[in-house]
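Chain by chain, the residues run as shown.
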Amino acid sequence: MSDKKYFYDHLDPDIKNILLAQVRNVWTHHSTSLEGNSLTLGETDFILEEGLTIQGKPLKDHNEVYGHAKAIERIYQLLNSPEITPHDLFKLHETVLTEHVIDIDQPVGKWKSQSNFTTYVNKENKQAWREYPSPQSIDGLMLQWLKNLNLSLATVWQQAEAVKMYAELHLSFVTIHPFFDGNGRMARLLANLPVLKSGFPPIVVSQEDRYQYKLCLSDYQNTILDLEALSDLTQLPDNAEKQHFVELCNGYWSETVELLNNATAMQNKRKK
Ligand SMILES: Nc1ncnc2c1ncn2[C@@H]1O[C@H](COP(=O)(O)OP(=O)(O)OP(=O)(O)O)[C@@H](O)[C@H]1O
Ligand SMILES: [Mg+2]
């Protein structure tokens, strides 16, 4: 671990700004694309850099990209907070979910008010339901989750510990599924707080790895006996499926590390 505070600290302002924009574009593209956004990396870059739209592409996709890019700014701001609170998560959720539809069953900037589920294919090769923890348990579970997050931010982690921290926070967040929507994007943003705080570039789940990523989360959730009744995070298993997710996350660093290396090479050229 170097003695610099953040991953861009050794760069001149102009090089740093380009790197931060590249990281923002890649992070935004992959995370929105994972939930079905149709914009390519090139289009995402164009929209964010030029402030223009792509002809024929949905307005919703443009808004998601803007929302996610804005949420990344909030993540960097949160690095200076003494403590991350539920209010911070609600503000971030409002930023990520750009559609502020007034629907009491689909609250934005609040925990979910209705049960939510996903489906998966079980060992018998049959479609099955998985119900996430009930709305009544979310307050308590998320206070615990935030306690873990704040604890993780009190330490500067080495690389192996930072990825473990990211994987744990990410996995537990999507397993709680506290919001009616946006849980994946929120997890992929928030779990990077300890990573950034420890001086590393963000871990970015690649959209090309969507199948493996979702399968791994699903395999882990299948090891929880009664997910719907989960009321305490200490009940979450620490097992081989979780370890598999840590390993996957370790591989999701390569794209931003490459961007950082390229920026550092530009900086070194300048020094000569
Ligand atoms: N079959 C599954 N099993 C376990 N977890 C899943 C499964 N499918 C999705 N997830 C997790 O839940 C997230 C989707 O939840 P949600 O729709 O609330 O989030 P989102 O940000 O709107 O969408 P997305 O992840 O698709 O970006 C996924 O990103 C992933 O993290
Ligand atoms: Mg969604």
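Further up the page is the structure itself.
Now for a description of the structure that goes with this document.

What counts and what doesn't
- Residues numbered from 1 in each chain as written.
- Chains lettered and ligands numbered in written order.
- Predicted model: local features only at pLDDT ≥ 70, side-chain atom pairs only at ≥ 80, totals over all residues.
- Heavy atoms only, no water.
- Helix = DSSP H or I, 4+ residues; strand = E, 2+ residues; numbered from the N terminus.
- Rg over C-alpha atoms; globule rule 2.2 N^0.38 Å.
- Near = heavy atom within 4 Å.
- Polar contact = N/O pair within 3.5 Å; in protein donor to acceptor, adjacent residues only side chain to side chain.
- Areas by Shrake-Rupley, 256 points an atom, 1.4 Å probe, with all protein chains shown as cover.
- Nonpolar A, V, L, I, M, F, W, Y, C, P; charged D, E, K, R; others polar.
- Expected span 1.5 Å × (residues − 1).
- Buried < 20%, exposed > 50% of the residue type's maximum accessible area, 1.4 Å probe, protein only.
- Axes fitted to C-alpha atoms, helices over the stretch in contact; angles between N-to-C directions.
- Parallel < 35°, antiparallel > 145°, perpendicular 65-115°, else oblique.
- Contact = heavy atoms within 4.5 Å.

Another aspect to go through is the overall build of the protein. Secondary structure summary: the protein contains 11 helices and 2 strands in total. For the protein, the sequential pattern of α-helices and β-strands runs α-α-α-α-β-β-α-α-α-α-α-α-α. Taken over the C-alpha trace, the protein has a radius of gyration of 19 Å; the compact-globule value for 272 residues is 19 Å, and the two agree within 12%. Viewed in the frame of its principal axes, the protein has a C-alpha envelope of about 60 × 45 × 40 Å.

The next point concerns the site of ligand 1. Around ligand 1 there are 20 residues in total, and Glu35, Asp181, Asn183, Arg185 and Arg188 lie nearest to it. Within the side chain of arginine 130, an N or O atom sits 3.0 Å from a nitrogen atom of ligand 1. At 3.4 Å, a side-chain N or O of lysine 214 approaches an oxygen atom of ligand 1. For ligand 1, whose unbound accessible area comes to 580 Å², protein coverage reaches 88%. When contributions to the shell around ligand 1 are tallied by element, the ones reaching two or more residues are helix H1 (13–34), strand E1 (117–121), helix H7 (183–190) and helix H9 (210–221). It is H9 that provides the largest number of residues to the shell around ligand 1, a total of 5 residues. A breakdown of the residues in the shell around ligand 1 according to their chemical character gives 5 nonpolar, 9 polar and 6 charged.

Here the focus is helix H6 (residues 159–176). Taking 1.5 Å per residue as the helical rise, H6 with its 18 residues ought to reach 26 Å, and the 26 Å between its terminal C-alpha atoms agrees with that figure. With respect to burial, H6 is a largely interior element, 13 of its 18 residues being buried. Looking one or two places after H6, you find histidine 177, whose phi comes out positive at around 50°.

Take the packing of helix H5 (residues 135–152) against H6 next. At a minimum axis separation of 11 Å, H5 and H6 run at an interaxial angle of 170°. Judged on the interaxial angle alone, H6 and H5 are roughly antiparallel. Residue-level contacts link Ile138, Leu141, Met142, Trp145, Asn148, Leu149 and Ser152 of H5 to Met165, Leu169, Ser172, Phe173 and Ile176 of H6. Its residues assigned to classes, the contact of H5 with H6 comprises 9 nonpolar, 3 polar and no charged.

By themselves these figures say nothing about function.
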